[in-house]
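Chain by chain, the residues run as shown.
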Amino acid sequence: MRFSSDPSPRKAGTAELALLQQIRARAARPGSNALTLGIGDDCALLQLRRGEEAAVTTDLSIAGRHFRLDWHPPESIGHRTLARGLSDLAAMGARPVAAFLSLGLPAELTKSRGKTTPFSRQSTYSHLPWIDAFLGGLVALADTHRTTLAGGDLAESPLPVADIVLVGAVRRGRALLRSAARPGDLVYVTGSLGGAAAALQLLSDMAANPRPAPSNLKRLRIPGRIQAQLAPHLFPQPRIAQGLYLVRHGLGAAAIDLSDGLSTDLAHICEESDVSAEIDSSLLPIHPTATLEQALNGGEDYELLFTAKPSSRIPRSIAGVRITHIGRILRSGPNRPAITLLTPTGPQSLQASGWQHFS
Ligand SMILES: [Mg+2]
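Fair warning: this is a prediction, and the values are worked out from it, not measured in the lab.

J.: Now, about the pattern of salt bridges: what can you tell me, with residues and values included?
T.: In this structure the tally under the stated criterion is seven salt bridges. A salt bridge links Glu-300 to Arg-80; the nearest nitrogen and oxygen atoms lie 3.3 Å apart. You can see Glu-300 sitting in the loop between helix H9 (292-297) and strand S10 (304-308) and its partner Arg-80 sitting in helix H2 (residues 74-92), a full 220 residues away along the chain. Across the pair Arg-328 and Glu-278 runs a salt bridge, and its minimum N-O distance is 2.9 Å. Taken as a pair, Arg-328 in strand S12 (residues 321-331) and Glu-278 in strand S9 (residues 275-280) lie far apart in primary sequence, 50 residues in all.

J.: Lay out the sheet that holds strand S5 (residues 148-156) with the relevant residues and their values.
T.: Ordered in space as S3-S6-S4-S5, the four strands form an open sheet in which the pairing is mixed. Strand pairing shows two members of the sheet lacking a second neighbour, strand S3 (52-62) and S5, which therefore form its edges. Along the sheet, successive strands turn relative to each other by an average axial angle of 15°, direction set aside. Two strands pair when backbone bridges link them, and strand S4 (residues 95-105) and strand S6 (residues 161-171) are joined in this way by nine bridges, in the antiparallel orientation. Bridge pairing links Leu-101 to Ile-164 in S6. Running over the sheet, H2 touches S3, S4 and S6 and is turned about 25° from S6. Strands in contact with helix H4 (residues 129-144) are S4, S5 and S6; relative to S4, the strand with the most contacts, it is inclined by about 160°.

J.: If you had to explain the coordination of the magnesium ion to someone new, which residues and values would you point to?
T.: Six octahedrally arranged donors around a metal ideally form angles of 90 or 180 degrees; four tetrahedrally arranged donors ideally form angles of 109.5 degrees. On the protein side, the magnesium ion has Asp-88 (OD) and Asp-257 (OD) as donor atoms, found 2.1 Å from it. Here Asp-88, found in helix H2, pairs with Asp-257, found in strand S8 (residues 255-257); they are 169 residues apart in sequence, far enough to count as distant. Relative accessible area serves as the criterion here: at 3%, Asp-257 is assigned to the buried category.

J.: Can you tell me about the nonpolar core, naming the residues and giving the values?
T.: Membership of the largest hydrophobic core comes to 34 residues, with the highest contact counts inside it found for Leu-82, Leu-101, Phe-134 and Leu-138. For this core, the elements supplying multiple residues, two or more each, are H2, S4, H4, S5 and S6. A total of eight residues in this core trace back to one element, the largest contributor, which is H4. With near-sequence residues (within four places) excluded, Phe-134 lies in contact with Pro-74, Glu-75, Ile-77, Gly-78, Thr-81, Leu-101, Leu-103 and Ala-162. Judged by nonpolar contacts, the second largest core, of 24 residues, contains Val-187, Ala-254, Leu-296 and Leu-350.

Rules of the game
- Sequence order as written defines the numbering, with residues in each chain counted from 1.
- In view of the model being predicted, local features appear only for residues whose pLDDT reaches at least 70, and side-chain atom pairs are presented and counted only at 80 or more, with totals across whole chains, interfaces and linings using the full set of residues.
- Excluded from the side-chain calculation are hydrogens and water; included are all heavy atoms of the structure.
- Put simply, a salt bridge is a Lys or Arg side-chain nitrogen that is within 4 Å of an Asp or Glu carboxyl oxygen.
- By the criteria applied, helices consist of DSSP H or I runs no shorter than four residues and strands consist of E runs no shorter than two, each listed in order from the N terminus.
- Two strands form a pair only when DSSP identifies at least two bridges running between them.
- For helices, the fitted line uses only the C-alpha atoms of the stretch in contact; every axis is such a line through C-alpha atoms, and the angle between N-to-C directions lies from 0 to 180 degrees.
- We call two residues contacting when some pair of their heavy atoms lies within 4.5 Å.
- Each metal's donors are the N, O and S atoms within 2.8 Å of it, or within 3.2 Å when it is Na, K or Ca, and because water is not part of the set, sites may look incomplete.
- Between buried and exposed lies partly exposed: a residue is buried under 20% and exposed over 50% of the maximum accessible area for its type, with that area taken using a 1.4 Å probe on protein chains only.
- Here the nonpolar core consists of buried residues drawn from Ala, Val, Leu, Ile, Met, Phe, Trp, Tyr and Cys, with membership extended through side-chain atoms lying within 4.5 Å.

Structure (structure tokens):
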């Protein structure tokens, strides 16, 4: 069941029809931003500006691995699905153009509630509460970054999955690459580190000791007072404005988004650029709720890690987000670890400790 084609009432069931209507109603209209033609035809048509090239990325989110239906509010799952793709665009210094969403959902999440007729106005909204909330989270973030939901696909699936494709645009030849770090460059990060891992730990602790006990409640209840503490995990903010700024001002050399954690993502830059790096633990902008270990190895902060020439004038903050110098790029050598961590007790080798999500 594609939502890129017009649903026919004769073919689609009431619930399917309501679902398609719901998605179309939530997606932006053709003509907005770079979208020439949106949902309703066999393809979307996109118009890039002169001198731009398309940046395309795809991210698959799977229940039990990237999110849990019993832990995450649907708004958060929608937000996180899109945030992963937007963060990849940010890492290249690209502006978002359009998003394409493919959803595989178990039947119980796509069933409408209450009585509806295929043509009743009510069938468009609030009868598919999970999908409505999921799309609410996704579209709110899309609106923030002027990204159009331009198409996608729907299927029934025993395991909930959400696949997002993001199309962005970047000035030809100016994209920030992992391979562009050079010895002598300084290393920077946006925002703070470890907040998402600390929040996930808190969520996991709450799930282990639910209060009140989950009698007939299917999903973990998140009290209002700790929602802000969980925000770095539930609603991470992709650094689109910061990536665009670096490209526009010719400041960034190499860049990557911190999806798997500083130790792992910096190792990707070192490998692709054939360099090593030195990080000073006393300079790290550790999130107030996080430990050093979470700042180094926790995943899903979706901050940007970038390098720049020492002569580049890097602002202290970009679009309201702090920028912190945390280390430097060194020549790689046979006796030198890829990443050295400077600590109060002396230098040590920093091993890439990859993010394992929920496994
Ligand atoms: Mg990435």
